[in-house]
Amino acid sequence: MVKIRDPIDAVEKNKAKAGTARMPVHQQISSGGVIYRRGSDGLEIALIGLRAGTVWALPKGVVEPGEDPEEAAAREVQEETGLTGRCVGKVGEIEYWFVDREARHRIHKRVHFYLFEHTGGDPSQHDFEVEQVRWVPLQEALARLTYRSERETVEKASKILQERE
């Protein structure tokens, strides 16, 4: 008989090994955006560079009390990229877990992503959390993005734009 390992059991065992299984869990809601423009080479996406260019991501951040997710997404896009845009609609949501070792708790994070058509701004005006902002062609953005869930978000955004044409 072949025993199939339950992936959930494996995850729980790994948490226990790391000492995180007993940590309290905090829920966090964030919002972010896929901001695009039409360049000479087609569709371009603004990405943020972090950790000396070893991480490329979409702009996102925590939804503040009293703020709705779309407003938060527009604010985070502007803060982290220096760019402004007109919201075209919601792309989708992603969720993931991480550990805040300093605060000694696990965080279950849900991120709402919205699609923004670029209307202005200056990428050099990004905030201190971001090291650089780059406009990159769609295919390069898909290759450069560090996180699979964000690549999938950009793919969904691209499909939304194709359907609108």
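Residues numbered from 1 in each chain as written. Predicted model: local features only at pLDDT ≥ 70, side-chain atom pairs only at ≥ 80, totals over all residues. Heavy atoms only, no water.

Enquirer: So what's going on with the pattern of salt bridges? Residues and values would help.
Expert: Going through the model one piece at a time under the given rule, you end up with 11 salt bridges. In this structure, the salt-bridge partner of Arg148 is Glu152, at a minimum N-O distance of 3.1 Å. Here Glu152 and Arg148 lie together in helix H4 (residues 148–164), a separation of four residues that amounts to about one turn. A residue is classified by how much of its surface remains accessible, and Arg148, at 55% relative accessible area, is exposed. Since its relative accessible area comes to 33%, Glu152 is described here as partly exposed. Connected through shared salt-bridge partners, Glu67, Arg75, Glu76 and Glu79 make up one network. (Salt bridge = Lys/Arg side-chain N within 4 Å of Asp/Glu carboxyl O. Helix = DSSP H or I, 4+ residues; strand = E, 2+ residues; numbered from the N terminus. Buried < 20%, exposed > 50% of the residue type's maximum accessible area, 1.4 Å probe, protein only.)

Enquirer: Requested: an account of the confidence of the model for the protein, with residues and values cited.
Expert: When pLDDT is averaged across the protein, the result is 89; 88% of the residues are at 70 or more. The least confident element of the protein, judged by mean pLDDT, is helix H1 (residues 7–18) at 48; the most confident is helix H2 (residues 69–81) at 98. (pLDDT = per-residue confidence, 0-100.)

Enquirer: Now, about the layout of surface pockets: what can you tell me, with residues and values included?
Expert: There is about 540 Å³ of room inside the largest pocket. Along its surface, the largest pocket is lined by 20 residues, and Leu50, Arg51, Lys60, Tyr96 and Tyr147 are the ones closest to its centre. Split by residue class, the lining of the largest pocket holds nine nonpolar, three polar and eight charged. (1 Å grid on protein atoms, 1.4 Å probe; cavity = no way out; pocket = protein on both sides within 12 Å on 5 of 7 lines; lining within 4 Å. Points joined across faces, edges and corners; volume = space filled by probe spheres on them. Nonpolar A, V, L, I, M, F, W, Y, C, P; charged D, E, K, R; others polar.)

Enquirer: Give a description of the nonpolar core that names residues and reports values.
Expert: Within the largest apolar cluster, 20 residues are counted, with the highest numbers of intra-cluster contacts made by Val34, Ile45, Leu47, Leu58, Leu115 and Val154. At the level of elements, strand S1 (25–39), strand S2 (42–50), strand S5 (83–100), strand S6 (105–121), helix H3 (138–144) and H4 are the ones that each hand at least two residues to this core. Beyond its immediate stretch of four places on either side in the chain, Leu115 contacts Val34, Tyr36, Arg86, Cys87, Val88, Gly89, Val91, Ala157, Ile160 and Leu161. (Core = buried A, V, L, I, M, F, W, Y, C linked by side-chain atoms within 4.5 Å. Contact = heavy atoms within 4.5 Å.)

Enquirer: A description of the pairing of S6 should follow, citing residues and the corresponding values.
Expert: Extensive coverage of S6 is indicated by the burial of 12 of its 17 residues. Note: S1 against S6, 12 bridges, orientation parallel. By the bridge assignment for S6, Gln27 is matched with His108. Bridging between S5 and S6 involves 16 bridges; their strand directions are antiparallel. Counterpart to Glu95 in the pairing with S6 is Arg110. Linking two consecutive strands that pair antiparallel, namely S5 and S6, is a turn of four residues; a positive phi of about 60° is found at Arg104 within it. (Pairing = 2+ DSSP bridges.)

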